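So you can see what is in the structure, the chains are spelled out below.
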Amino acid sequence: MEDTSIQNRRRKRVKVIKALIVFFFLVFITIPIACAIYLGCALYMTNNELMEMSSQYEAQLTITDDLQQRLYTEENERIAAEAELSEAAVSINLENVDTDTVEIEAGDEKPVREVYLTFDDGPSIYTEQILDILDEYGVKATFFVTGEAAEAFPERYQAIYDRGHTLAMHSYSHIYKDIYKDKDSFIKDFNRIRDYVKGITGEDPVIYRFPGGSSNTVSQTDMDELCEYLNAEGVKYFDWNVSSGDASRITLSSDRIVANCLAGINNHNESVVLMHDTSTKYTTVAALPTLLETLSAMEDVEVLPITADTVAVQHKELKEAE
Ligand SMILES: [Zn+2]
């Protein structure tokens, strides 16, 4: 009897121990493993979601960048087009005004008509060719340069100066949006091109042409203020009263450019002729020999470079100081 009861107690103890082993196994091994598996899966899924979200975000960023780039390009194109229109409008208006028309009275000596050829936006791949043509006709001109080619081609600026032409300023960046944002931006850009030109010539340059002219309608800053600023700096700004038309987006034939120049020159005693020296204006280069040939055959015409003493042709005249 006693043996049976001892055996029973043992069995019970073994059962309890087994139950405890199972319990511990469940609590300390199975459940943590299950939890780990569950957490691992959850982590994997979250990771996947995160990766998908980040790739979507990156895609959106790229789209935003593209859009911004497109908007920026379109904005610049719009501003340039407006400036072109305003230049064209000014040229048309000026050509209709004939206060300066040459009047030759009987018995009078033929007056001397002054012609100032000006090349904007250079220097470029054509500068040297233009200089060679000008040399051929013994003519000096005025180059309103930007700083765009300064780093890569300083020799082009140097050549303009060394060969006796006027190295004049036309802003450093020529980006309307930046230059005309406010007066400080204008001054910053102006100082940059002034310092650069001074580095070439050794003297403070005193001739400037506003990108788009002083009467441009794209400036966000009052142009009177900028004109006054230049005046206070001892700098004379020059616009133009004859346009070659080569600023047009459609490339004009060299014959058309010559005809435009001569029509304007015939209308004025003092002609400041607007032309461009950029890598797309090959018809301007092609027009030069005929233009210079024709001008040299006109006995009453003198082709000169602009200097500080030249009477300024200005679309927007400086208001008298009160
Ligand atoms: Zn320009």
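Residues numbered from 1 in each chain as written. Predicted model: local features only at pLDDT ≥ 70, side-chain atom pairs only at ≥ 80, totals over all residues. Heavy atoms only, no water.

Caption draft 1: Structural detail: the coordination of the zinc ion. For the zinc ion, the protein coordination sphere consists of Asp121 (OD), His170 (NE2) and His174 (NE2), at 2.1 Å. Look at where the donors of the zinc ion fall in the sequence and you get D-x48-H-x3-H. Separated by 49 residues along the polypeptide, Asp121 in the loop between β1 (113-120) and α2 (127-136) and His170 in the loop between β3 (166-169) and α4 (176-179) bring together distant segments of the chain. Assessed through its relative accessible area of 19%, Asp121 is described here as buried. (Donors = N, O, S within 2.8 Å, 3.2 Å for Na, K, Ca; no water. Helix = DSSP H or I, 4+ residues; strand = E, 2+ residues; numbered from the N terminus. Buried < 20%, exposed > 50% of the residue type's maximum accessible area, 1.4 Å probe, protein only.)

Caption draft 2: The arrangement of the pairing of β3 in detail. Residues Thr166 and Ala168 point to one face of β3 and Leu167 and Met169 to the other, with burial holding for every one of them. Relative to β3, strand β2 (residues 142-145) runs parallel, the two sharing four bridges. Across the sheet, residue Phe143 finds its bridge partner in β3, namely Leu167. Between β2 and its parallel partner β3, the chain crosses via helix α3 (residues 154-162), and the hand of that crossover is right-handed. (Pairing = 2+ DSSP bridges. Right-handed = clockwise from strand over helix to strand, strands pointing away.)

Caption draft 3: Spatial organisation of a positive patch on the surface. Taken together, the side chains of Arg11, Lys12, Lys15 and Lys18 make up a positively charged region of the molecular surface. Position of Lys18 relative to the elements: it lies in helix α1 (residues 2-96). (Patch = residues over 30% accessible without salt bridge, like charges linked within 9 Å, V, L, I, M, F, W, Y side chains within 5 Å. Areas by Shrake-Rupley, 256 points an atom, 1.4 Å probe, with all protein chains shown as cover. Salt bridge = Lys/Arg side-chain N within 4 Å of Asp/Glu carboxyl O. Lys, Arg positive; Asp, Glu negative; His and termini not counted. Charge placed at Lys NZ, Arg CZ, Asp CG, Glu CD.)

Caption draft 4: Just the packing of aromatic side chains, in detail. If you walk through the whole model with that rule in mind, you get 11 aromatic pairs. Arg156 extends its terminal NZ or CZ atom over the ring of Phe153, reaching a point 3.6 Å from the ring centre. The side chain of Arg192 reaches across the aromatic face of Tyr172, ending 3.8 Å from its centre. (Phe/Tyr/Trp six-rings, centres within 6.5 Å; stacked < 30°, edge-to-face > 60°. Lys NZ or Arg CZ within 6 Å of the ring centre and 35° of its normal.)

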